[in-house]
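A closer look at the structure
Single-letter residue listing:
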Amino acid sequence: MTTTSSTIGVTSSSSTTPGFTLQDTQISIGIIASLVVLSGVAVSIVSKINKISFTVDGIQETLKLHASNAEKIKDLEKHLAIHQQDYVNYKEANLVSHSSLSDLIDHNWQRSESESNAIKGSRKELQGFLHRTNDFKVRE
């Protein structure tokens, strides 16, 4: 008798060659693409945040400039108010001076007019006296 034995060939999983399958490659490419897209989004967000930061810095500088200009305007308003009050005081002083000078001129005019009338009266009297006594002729 002859006996025959059969052998089944089995390969162990440790004997397979290491490498990537097509599915592993697709997963790797998907992960890399996702990372690239996420980094692009992150760069975009960071650039927008930087742009907003620069804009805010510009606004702060503009506000500081406007605040200093507002302080200058406030100081100028104070100086203007002082000069306006000086002008009002100067005008009032001039009006008082003008009024007192006008009163003095009127007083002196009335006094000189009354003295002139008195001199005219004295002159007429003198002319009349000279005319009666010496035949003095008055020329006018």
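See above for the structure.
Right, let's walk through the structure included here. Since the model is a prediction, treat every value here as computed from it, not as a measurement.

Another aspect to go through is the overall build of the chain. Counting secondary structure elements, the chain contains one helix and zero strands. A burial count over the chain gives 1% of its 140 residues as buried. Accessible area for the chain stands at about 13300 Å²; split by element, carbon and sulfur atoms hold 62% of it.

What the rule picks out here adds up to two salt bridges. Where Lys 64 meets Glu 61, a salt bridge forms, and the shortest distance between an N and an O atom there is 4.0 Å. Within this pair, Lys 64 and its partner Glu 61 are both found in helix H1 (residues 22-134), separated by three residues, close to a single helical turn. Glu 61 sits in the partly exposed class, given a relative accessible area of 48%. Among the salt bridges present, the one from Arg 111 reaches Glu 115, with a minimum N-O distance of 3.6 Å. Of this pair, Arg 111 and Glu 115 are both found in helix H1, four residues apart, which corresponds to roughly one turn of the helix.

Taking 1.5 Å per residue as the helical rise, H1 with its 113 residues ought to reach 168 Å, and the 162 Å between its terminal C-alpha atoms agrees with that figure. Where H1 ends, the next residue or the one after it, Asp 135, has phi of about 55°, a positive value.

On the surface, a cluster of nonpolar side chains totalling about 410 Å² of accessible area is made up of Ile 27, Ile 31, Leu 35 and Leu 38. With respect to the helices and strands, Ile 27 occurs in helix H1. Its relative accessible area of 47% is what places Ile 27 among the partly exposed residues.

The rules behind these values
Residues numbered from 1 in each chain as written. Predicted model: local features only at pLDDT ≥ 70, side-chain atom pairs only at ≥ 80, totals over all residues. Heavy atoms only, no water. Helix = DSSP H or I, 4+ residues; strand = E, 2+ residues; numbered from the N terminus. Buried < 20%, exposed > 50% of the residue type's maximum accessible area, 1.4 Å probe, protein only. Areas by Shrake-Rupley, 256 points an atom, 1.4 Å probe, with all protein chains shown as cover. Salt bridge = Lys/Arg side-chain N within 4 Å of Asp/Glu carboxyl O. Expected span 1.5 Å × (residues − 1). Patch = residues over 30% accessible without salt bridge, like charges linked within 9 Å, V, L, I, M, F, W, Y side chains within 5 Å.

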